[in-house]
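So the chains spell out like this:
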Amino acid sequence: MTAKLQFDHANCESCPIRHRAVCARCDADELEALDSIKYYRSFEAGQTIIWSGDHMNFVGSVVSGIASLTQTMEDGRTQMVGLLLPSDFVGRPGRDAAAYDVQATTDVVMCCFRKKPFEEMMNVTPHIAHRLLQMTLDELDAAREWMLVLGRKTAREKIASLLSIIARRDASVSQKGLSGPFVFDLPLTREAMADYLGLTLETVSRQISALKKDGVILLEGKRHVTVPDMDRLLEEAGDDSDGGFLV
């Protein structure tokens, strides 16, 4: 069964991102209204979800998987400007065109809402607009964190930062809490990590091996990661270990 078919009949109450999504504060009647304008879409890894400048007739949230936000310059050079992780919102109410290319890095499932009815519902359901504002501010914080990762950190700090971002989001979505070891499956290949962090593949592999050797992370295969001590990982990332914000 494909991811799309699994989610086509999903109940909003059992949605894995329900507590973080734009509908987090909706009551039963409001969820029913959203359900009438909702549909699910799935994308394969490498597939473009939306091109910059394209007209968007939907908005929505990433339910599972990871997508990238990229901007292309006139000479063809591209820059990855952010990652979309589970519960992140795609599209802007009131804006017709997409600002960035959005591409599925892994297989992605999205919960989409038809744009015009969603905008109308925002006008009559203030807490949906308020929740979207909160999510937008979180996105701004994440963008600032990403600027620091790309602009000022060493290769080791970049790898540790990316691992901590993914680990914290996984913990937040699954509501595992912040205590104990963090265990997650790394959704990105080493090649994708290299592209996103502006590093070579060899550097990524070398730094991951170094973090493993030093006991900062444990690896089972190439993707199954255990972080025994999140504070230690945050220190390696050059971040404060006071909990920070969960992006």
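Not measured: the values here are computed from a predicted model.

Caption draft 1: Representation of the nonpolar core within the structure. Grouped together as the largest cluster of nonpolar side chains are 36 residues, with contacts concentrated most on I159 and I217. Secondary structure elements with two or more residues in this core: strand 5 (78-84), helix 4 (126-152), helix 5 (155-174), strand 9 (182-185), helix 6 (190-197), helix 7 (201-213), strand 11 (224-227) and helix 8 (230-236). When residues of this core are assigned to their parent elements, the largest contribution, 8 residues, is made by helix 5. For I217, the residues in contact, after removing those within four places along its chain, are L163, I208, L211, K212, V225, T226, V227, P228 and L233. Counting 24 residues, the second largest nonpolar core, distinct from the first, contains A21, Y40, V63 and V109.

Caption draft 2: Fine view of the pattern of salt bridges. Counted according to the given criterion, the structure contains 9 salt bridges. Residues D88 and R169 are paired through a salt bridge, measuring 3.3 Å at the closest nitrogen-oxygen approach. Here D88 is found in the loop between strand 5 and strand 6 (89-90), whereas its partner R169 is found in helix 5, with 81 residues between them in sequence. In terms of burial, D88 and R169 fall into one category: buried. The partner of D214 in a salt bridge is R156, and the shortest N-O contact between them spans 2.9 Å.

Caption draft 3: Broad picture of helix 7. Compared with an ideal rise of 1.5 Å per residue, which puts 13 residues at 18 Å, helix 7 spans 18 Å between its outermost C-alpha atoms and is within 8% of the ideal. Elements in contact with the buried residues of helix 7: helix 5, helix 6, strand 10 (218-220) and helix 8. Just downstream of helix 7 lies G215, where phi reads positive at about 80 degrees.

Caption draft 4: Examining the side chain of E30 more closely. In this structure, E30 sits in helix 2 (residues 28-35). Despite its burial, E30 remains without a salt bridge, the nearest opposite charge being carried by R18 at 7.8 Å. There is a polar contact of 2.8 Å between the side chain of E30 and the side chain of H127.

Caption draft 5: Quick look at the sheet that holds strand 3 (residues 58-64). Reading across the sheet, the 4 strands line up as 1-8-3-6 and stay open at both edges, with antiparallel pairing between neighbours. Each of the sheet's edge strands pairs with one partner strand only, and the pair in question is strand 1 (38-43) and strand 6. The pairing of strand 1 with strand 8 (residues 108-114) spans 6 bridges and is antiparallel. Counterpart to K38 in the pairing with strand 8 is F113.

Caption draft 6: Fine view of helix 2. All buried positions along helix 2 are accounted for by E30, L31 and L34. For helix 2, the angular spread of buried residues about the axis comes to 100 degrees, placing them on one side. Across from the buried face of helix 2, at angles greater than 90 degrees, the exposed residues are A28, D29 and E32. Each element contacted by the buried residues of helix 2 is listed here: strand 1, strand 8, helix 3 (115-124) and helix 4. For helix 2, the N-terminal cap is D27; the gap from its side-chain oxygen to the backbone nitrogen of D29 is 3.2 Å.

Caption draft 7: Highlighting the sheet that holds strand 4 (residues 67-72). What the 4 strands build is an open sheet, ordered 2-7-4-5; its pairing is antiparallel. Either end of the sheet is taken by a strand with one partner, and the two such strands are strand 2 (48-50) and strand 5. Ignoring strand direction, the axes of neighbouring strands in this sheet form an average angle of 35 degrees.

Caption draft 8: Spatial organisation of unusual backbone geometry. Notably, S87 is not glycine yet its phi reads approximately 90 degrees, a positive angle. Summarising the element assignment, S87 is placed in the loop between strand 5 and strand 6. Accessibility expressed as a relative area gives 2% for S87, which makes it buried.

Caption draft 9: Here's a closer look at the pairing of strand 3. Burial within strand 3 is extensive, with 6 of its 7 residues counted as buried. Across 6 bridges, the pairing between strand 3 and strand 8 is antiparallel. The residue of strand 8 that forms the bridge with V62 is M110. Two strands pair when backbone bridges link them, and strand 3 and strand 6 are joined in this way by 2 bridges, in the antiparallel orientation.

Caption draft 10: Here's a closer look at the packing of aromatic side chains. In total, this model carries 2 aromatic pairs according to the counting rule given. Between the aromatic rings of F89 and F118, the centroid separation amounts to 6.0 Å while the plane-to-plane angle is 35 degrees, which identifies the pairing as tilted. Of the two residues, F89 is situated in strand 6 and F118 in helix 3; the sequence distance between them amounts to 29 residues. This pair shows no difference in class: F89 is buried, exactly as F118 is. Consider the rings of F113 and F118, whose centres lie 5.4 Å apart with planes at 25 degrees: the pair is stacked. Under the relative-accessibility criterion, F118 is labelled buried at 1%. Three or more aromatic residues link up through ring pairs in this structure, and these residues are F89, F113 and F118.

The rules behind the values
Residues numbered from 1 in each chain as written. Predicted model: local features only at pLDDT ≥ 70, side-chain atom pairs only at ≥ 80, totals over all residues. Heavy atoms only, no water. Core = buried A, V, L, I, M, F, W, Y, C linked by side-chain atoms within 4.5 Å. Buried < 20%, exposed > 50% of the residue type's maximum accessible area, 1.4 Å probe, protein only. Helix = DSSP H or I, 4+ residues; strand = E, 2+ residues; numbered from the N terminus. Contact = heavy atoms within 4.5 Å. Salt bridge = Lys/Arg side-chain N within 4 Å of Asp/Glu carboxyl O. Expected span 1.5 Å × (residues − 1). Lys, Arg positive; Asp, Glu negative; His and termini not counted. Polar contact = N/O pair within 3.5 Å; in protein donor to acceptor, adjacent residues only side chain to side chain. Pairing = 2+ DSSP bridges. Arc of directions from axis to C-beta. Axes fitted to C-alpha atoms, helices over the stretch in contact; angles between N-to-C directions. Phe/Tyr/Trp six-rings, centres within 6.5 Å; stacked < 30°, edge-to-face > 60°.

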